[in-house]
Amino acid sequence: MTTDGQRHWTDVYQNRATDAVSWYQADPHLSLALIQKAVPETTAAVLDVGAGGSVLVDRLLDAGYSDISVLDIAAPALAQAKARLGGRASKVRWYEADVTAFTPPQQYDLWHDRAAFHFLTEDAAQQRYVAHLRAALKPGGALVIATFAVGGPEKCSGLDIVQYDTMRMQTVLGSAFILREHHEENHETPGGSIQKFAYFLFRYQP
Ligand SMILES: C[S@@+](CC[C@H](N)C(=O)[O-])C[C@H]1O[C@@H](n2cnc3c(N)ncnc32)[C@H](O)[C@@H]1O
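Below: a short report on this structure. (Residues numbered from 1 in each chain as written. Predicted model: local features only at pLDDT ≥ 70, side-chain atom pairs only at ≥ 80, totals over all residues. Heavy atoms only, no water.)

## What about the packing of aromatic side chains?
Here's step 1: Summed over all chains, the structure comprises twelve aromatic pairs.
Here's step 2: Summarising the aromatic geometry, the rings of Phe177 and Phe202 are spaced 6.4 Å apart at their centres and angled 85 degrees between planes, so their arrangement reads as edge-to-face. Pair noted here: Phe177 is in strand β8 (residues 177-188) and Phe202 is in strand β9 (residues 194-204), with a separation of 25 residues, a long-range link. The two residues Phe177 and Phe202 agree in class, both being buried.
Here's step 3: These aromatic residues form a ring-pair network of at least three members: Trp9, Tyr13, Trp23 and Phe119. (Phe/Tyr/Trp six-rings, centres within 6.5 Å; stacked < 30°, edge-to-face > 60°. Helix = DSSP H or I, 4+ residues; strand = E, 2+ residues; numbered from the N terminus. Buried < 20%, exposed > 50% of the residue type's maximum accessible area, 1.4 Å probe, protein only.)

## Points about the site of the ligand
Here's step 1: Every one of the 18 residues lining the ligand counts as a neighbour, but Tyr13, Gly50, Asp72, Val99 and Arg114 are closest to it.
Here's step 2: In the environment of the ligand, a nitrogen atom lies 2.8 Å from a nitrogen or oxygen atom belonging to the backbone of Gly50.
Here's step 3: A distance of 2.6 Å separates an oxygen atom of the ligand from a polar atom in the side chain of Asp72.
Here's step 4: Relative to its unbound accessible surface of 600 Å², the ligand loses 95% to contact with the protein.
Here's step 5: One can see that the ligand is located within the largest pocket.
Here's step 6: Looking at side-chain class alone, the shell around the ligand contains twelve nonpolar, three polar and three charged residues. (Near = heavy atom within 4 Å. Polar contact = N/O pair within 3.5 Å; in protein donor to acceptor, adjacent residues only side chain to side chain. Areas by Shrake-Rupley, 256 points an atom, 1.4 Å probe, with all protein chains shown as cover. 1 Å grid on protein atoms, 1.4 Å probe; cavity = no way out; pocket = protein on both sides within 12 Å on 5 of 7 lines; lining within 4 Å. Sits in = over half its atoms within 2 Å of the grid points. Nonpolar A, V, L, I, M, F, W, Y, C, P; charged D, E, K, R; others polar.)

## Focus on the layout of surface pockets
A water-sized probe rolled over the atoms picks out the places where empty space is left.
Here's step 1: In this structure, the largest pocket spans a volume of roughly 970 Å³.
Here's step 2: Around the largest pocket, the lining is made up of 44 residues, and of these Trp9, Ile73, Ala116, Phe119 and Leu120 lie nearest the centre.
Here's step 3: Of all the elements in the fold, those that place two or more residues in the lining of the largest pocket are α1 (4-15), β1 (45-49), β2 (67-72), β4 (108-114), α5 (123-136) and β7 (159-160).
Here's step 4: At five residues, α1 tops the list of elements feeding residues into the lining of the largest pocket.
Here's step 5: The residue makeup of the lining of the largest pocket, split by class, is 23 nonpolar, 13 polar and eight charged. (Points joined across faces, edges and corners; volume = space filled by probe spheres on them.)

## Regarding the pattern of salt bridges
Here's step 1: A complete count under the given rule lists nine salt bridges for this structure.
Here's step 2: Note that Asp109 is salt-bridged to Lys138, the shortest N-O span being 3.2 Å. With Asp109 in strand β4 and Lys138 in strand β5 (residues 137-148), the pair connects residues that are 29 residues apart, well separated along the chain.
Here's step 3: As a salt-bridge pair, Lys155 and Asp160 come within 3.0 Å of each other at their nearest N and O atoms. (Salt bridge = Lys/Arg side-chain N within 4 Å of Asp/Glu carboxyl O.)

## Examining the sheet that holds β9
Here's step 1: The strand order β3-β2-β1-β4-β5-β9-β8 describes an open sheet built from seven strands, whose pairing is mixed. The sheet is open, and its two borders are formed by β3 (92-96) and β8, each paired with just one other strand. Sheet twist, expressed as the mean angle between neighbouring strand axes with direction ignored, is 15 degrees.
Here's step 2: Pairing geometry for β1 and β2, over five bridges, is parallel. Bridged to Val46 within β2 is Ile68.
Here's step 3: Lying over the sheet, helix α4 (residues 75-85) contacts β2 and β3, oriented at roughly 160 degrees with respect to β3.
Here's step 4: Where α5 meets the sheet, its contacts fall on β1, β4, β5, β8 and β9, and the angle it forms with β5 comes to roughly 140 degrees. (Pairing = 2+ DSSP bridges. Axes fitted to C-alpha atoms, helices over the stretch in contact; angles between N-to-C directions. Contact = heavy atoms within 4.5 Å.)

Note that every value here comes from positions in space, so none of it alone points to a role or purpose.
Quick look at the structure:
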(Lines give C-alpha, C1' and ligand atoms only; values in the text may rest on other atoms or scores of the structure.)
Protein backbone atom coordinates (compact mmCIF):
# COMPACT_ATOMS: atom_id res chain seq x y z
CA MET A 1 0.00 0.00 0.00
CA THR A 2 1.39 3.43 -0.91
CA THR A 3 1.29 5.85 2.02
CA ASP A 4 1.20 9.65 1.93
CA GLY A 5 4.81 9.70 3.15
CA GLN A 6 5.96 7.40 0.39
CA ARG A 7 4.11 9.47 -2.22
CA HIS A 8 5.62 12.70 -0.90
CA TRP A 9 9.22 11.47 -0.89
CA THR A 10 8.95 9.59 -4.17
CA ASP A 11 7.69 12.77 -5.76
CA VAL A 12 10.56 14.81 -4.26
CA TYR A 13 13.26 12.57 -5.75
CA GLN A 14 11.45 12.11 -9.07
CA ASN A 15 11.62 15.84 -9.58
CA ARG A 16 14.99 16.75 -8.10
CA ALA A 17 18.52 15.43 -8.21
CA THR A 18 19.81 14.17 -4.89
CA ASP A 19 22.55 16.84 -4.91
CA ALA A 20 20.02 19.66 -5.37
CA VAL A 21 17.86 19.06 -2.28
CA SER A 22 18.30 21.32 0.77
CA TRP A 23 19.70 18.51 2.96
CA TYR A 24 22.43 17.54 0.46
CA GLN A 25 25.95 17.32 1.89
CA ALA A 26 28.92 16.76 -0.38
CA ASP A 27 30.89 15.70 2.68
CA PRO A 28 28.94 14.06 5.54
CA HIS A 29 32.04 14.42 7.73
CA LEU A 30 30.37 14.55 11.14
CA SER A 31 28.27 11.43 10.49
CA LEU A 32 31.34 9.60 9.24
CA ALA A 33 33.50 10.73 12.17
CA LEU A 34 30.91 9.62 14.74
CA ILE A 35 30.40 6.28 12.98
CA GLN A 36 34.15 5.63 12.84
CA LYS A 37 34.48 6.55 16.49
CA ALA A 38 31.56 4.33 17.58
CA VAL A 39 32.38 1.31 15.40
CA PRO A 40 36.03 1.47 14.28
CA GLU A 41 35.97 -2.17 13.11
CA THR A 42 35.12 -2.05 9.40
CA THR A 43 33.31 -5.39 9.66
CA ALA A 44 30.63 -3.67 11.80
CA ALA A 45 27.07 -3.91 10.46
CA VAL A 46 25.94 -0.36 9.69
CA LEU A 47 22.40 0.70 8.69
CA ASP A 48 21.69 4.16 7.26
CA VAL A 49 17.99 4.89 7.79
CA GLY A 50 16.23 7.47 5.60
CA ALA A 51 19.44 7.70 3.63
CA GLY A 52 17.90 9.25 0.54
CA GLY A 53 20.66 9.79 -2.00
CA SER A 54 23.26 10.63 0.64
CA VAL A 55 26.90 10.01 -0.24
CA LEU A 56 27.48 8.62 3.26
CA VAL A 57 27.32 5.12 1.77
CA ASP A 58 30.10 6.06 -0.70
CA ARG A 59 32.25 7.34 2.17
CA LEU A 60 31.63 4.21 4.26
CA LEU A 61 32.71 2.03 1.31
CA ASP A 62 35.78 4.26 0.81
CA ALA A 63 36.61 3.75 4.51
CA GLY A 64 36.46 -0.02 4.06
CA TYR A 65 33.14 -0.88 5.73
CA SER A 66 31.94 -4.19 4.36
CA ASP A 67 28.47 -4.70 5.93
CA ILE A 68 26.45 -1.65 4.92
CA SER A 69 22.66 -1.46 4.58
CA VAL A 70 20.78 1.54 3.22
CA LEU A 71 17.07 2.12 3.77
CA ASP A 72 14.70 4.72 2.39
CA ILE A 73 10.98 4.99 1.74
CA ALA A 74 11.58 6.53 -1.72
CA ALA A 75 12.67 4.19 -4.52
CA PRO A 76 14.00 7.00 -6.79
CA ALA A 77 16.45 8.12 -4.07
CA LEU A 78 17.86 4.62 -3.80
CA ALA A 79 18.02 4.36 -7.60
CA GLN A 80 20.07 7.58 -7.81
CA ALA A 81 22.46 6.34 -5.12
CA LYS A 82 22.87 2.96 -6.84
CA ALA A 83 23.50 4.59 -10.21
CA ARG A 84 26.14 6.87 -8.69
CA LEU A 85 27.91 3.90 -7.07
CA GLY A 86 27.88 1.80 -10.25
CA GLY A 87 29.49 -1.60 -9.63
CA ARG A 88 30.04 -0.79 -5.94
CA ALA A 89 26.25 -0.78 -5.38
CA SER A 90 26.30 -4.59 -5.23
CA LYS A 91 28.39 -4.39 -2.03
CA VAL A 92 25.46 -2.75 -0.21
CA ARG A 93 22.08 -4.11 0.96
CA TRP A 94 19.26 -1.83 -0.20
CA TYR A 95 15.82 -1.61 1.41
CA GLU A 96 12.89 0.37 0.10
CA ALA A 97 10.82 0.53 3.28
CA ASP A 98 9.13 2.68 5.89
CA VAL A 99 11.45 2.54 8.89
CA THR A 100 8.49 2.48 11.29
CA ALA A 101 7.33 -0.80 9.71
CA PHE A 102 10.68 -2.37 8.83
CA THR A 103 11.63 -5.80 10.14
CA PRO A 104 15.33 -6.15 9.35
CA PRO A 105 16.81 -9.52 8.41
CA GLN A 106 19.81 -8.94 10.69
CA GLN A 107 20.87 -6.87 13.71
CA TYR A 108 23.19 -3.91 13.42
CA ASP A 109 26.20 -2.59 15.33
CA LEU A 110 25.29 0.93 14.30
CA TRP A 111 22.08 2.70 13.24
CA HIS A 112 22.54 6.08 11.51
CA ASP A 113 19.76 8.54 10.78
CA ARG A 114 20.29 12.09 9.54
CA ALA A 115 17.10 14.08 9.10
CA ALA A 116 14.52 11.27 8.87
CA PHE A 117 13.43 10.76 12.50
CA HIS A 118 12.59 14.44 12.96
CA PHE A 119 9.66 14.10 10.52
CA LEU A 120 7.84 11.90 13.02
CA THR A 121 5.75 14.47 14.86
CA GLU A 122 3.35 12.14 16.68
CA ASP A 123 4.22 10.24 19.85
CA ALA A 124 2.89 6.96 18.46
CA ALA A 125 5.07 7.15 15.33
CA GLN A 126 8.14 8.11 17.39
CA GLN A 127 7.55 5.13 19.68
CA ARG A 128 7.12 2.78 16.69
CA TYR A 129 10.46 4.06 15.38
CA VAL A 130 12.15 3.48 18.75
CA ALA A 131 10.68 -0.03 18.98
CA HIS A 132 12.14 -0.90 15.56
CA LEU A 133 15.45 0.72 16.49
CA ARG A 134 15.65 -1.33 19.70
CA ALA A 135 14.82 -4.56 17.87
CA ALA A 136 17.39 -3.88 15.15
CA LEU A 137 20.35 -2.76 17.28
CA LYS A 138 22.64 -5.28 18.94
CA PRO A 139 22.98 -4.74 22.70
CA GLY A 140 26.04 -2.52 23.08
CA GLY A 141 25.43 -1.12 19.59
CA ALA A 142 25.51 2.57 18.71
CA LEU A 143 23.03 5.12 17.45
CA VAL A 144 24.12 8.20 15.48
CA ILE A 145 21.09 10.40 14.98
CA ALA A 146 20.94 13.92 13.55
CA THR A 147 17.91 16.20 13.54
CA PHE A 148 17.18 19.87 13.27
CA ALA A 149 18.31 21.52 16.51
CA VAL A 150 16.30 23.84 18.71
CA GLY A 151 16.50 27.19 16.91
CA GLY A 152 16.86 25.47 13.53
CA PRO A 153 14.23 25.19 10.77
CA GLU A 154 10.66 24.34 11.72
CA LYS A 155 9.89 22.61 8.43
CA CYS A 156 11.71 20.63 5.78
CA SER A 157 10.46 19.65 2.34
CA GLY A 158 7.17 21.38 3.24
CA LEU A 159 6.62 19.03 6.21
CA ASP A 160 6.55 19.77 9.94
CA ILE A 161 9.47 18.47 11.94
CA VAL A 162 10.42 18.18 15.61
CA GLN A 163 13.54 20.04 16.81
CA TYR A 164 15.68 18.21 19.35
CA ASP A 165 18.00 19.06 22.19
CA THR A 166 19.62 16.38 24.36
CA MET A 167 16.80 16.29 26.89
CA ARG A 168 14.05 15.83 24.34
CA MET A 169 16.02 13.18 22.45
CA GLN A 170 16.81 11.28 25.66
CA THR A 171 13.15 11.37 26.70
CA VAL A 172 11.97 9.94 23.38
CA LEU A 173 14.64 7.23 23.22
CA GLY A 174 14.42 6.10 26.83
CA SER A 175 17.02 5.20 29.44
CA ALA A 176 18.47 2.21 27.53
CA PHE A 177 20.24 4.76 25.32
CA ILE A 178 23.28 6.32 26.97
CA LEU A 179 24.35 9.68 25.53
CA ARG A 180 28.03 9.74 24.59
CA GLU A 181 28.32 12.82 22.40
CA HIS A 182 26.28 15.79 21.25
CA HIS A 183 27.35 18.22 18.53
CA GLU A 184 25.72 21.06 16.67
CA GLU A 185 26.42 21.76 13.02
CA ASN A 186 25.47 24.63 10.75
CA HIS A 187 24.55 22.96 7.48
CA GLU A 188 24.82 25.14 4.39
CA THR A 189 22.14 24.13 1.87
CA PRO A 190 22.89 24.13 -1.88
CA GLY A 191 20.83 27.38 -1.96
CA GLY A 192 23.22 29.01 0.54
CA SER A 193 21.06 29.15 3.66
CA ILE A 194 22.18 27.84 7.04
CA GLN A 195 20.31 25.13 8.97
CA LYS A 196 21.14 24.24 12.56
CA PHE A 197 21.47 20.48 13.11
CA ALA A 198 22.02 18.51 16.32
CA TYR A 199 23.98 15.24 16.18
CA PHE A 200 23.80 12.65 18.96
CA LEU A 201 25.85 9.53 19.58
CA PHE A 202 24.22 7.04 21.95
CA ARG A 203 25.28 3.60 23.15
CA TYR A 204 22.42 1.08 23.46
CA GLN A 205 22.60 -0.72 26.79
CA PRO A 206 19.29 -2.52 27.40
C1 LIG B 1 15.71 15.18 4.68
S2 LIG B 1 16.03 13.67 3.88
C3 LIG B 1 17.62 13.19 4.52
C4 LIG B 1 18.34 12.22 3.61
C5 LIG B 1 19.72 11.77 4.11
N6 LIG B 1 19.66 11.13 5.39
C7 LIG B 1 20.70 12.91 4.14
O8 LIG B 1 21.14 13.29 5.22
O9 LIG B 1 21.03 13.43 3.07
C10 LIG B 1 14.91 12.57 4.70
C11 LIG B 1 14.90 11.19 4.08
O12 LIG B 1 14.12 10.32 4.88
C13 LIG B 1 13.33 9.51 4.05
N14 LIG B 1 12.16 9.10 4.86
C15 LIG B 1 11.19 9.90 5.34
N16 LIG B 1 10.32 9.19 6.07
C17 LIG B 1 10.77 7.91 6.06
C18 LIG B 1 10.30 6.70 6.63
N19 LIG B 1 9.18 6.68 7.38
N20 LIG B 1 10.99 5.57 6.41
C21 LIG B 1 12.12 5.58 5.65
N22 LIG B 1 12.61 6.70 5.08
C23 LIG B 1 11.95 7.85 5.28
C24 LIG B 1 13.01 10.37 2.85
O25 LIG B 1 12.66 9.65 1.69
C26 LIG B 1 14.31 11.15 2.69
O27 LIG B 1 15.20 10.51 1.82
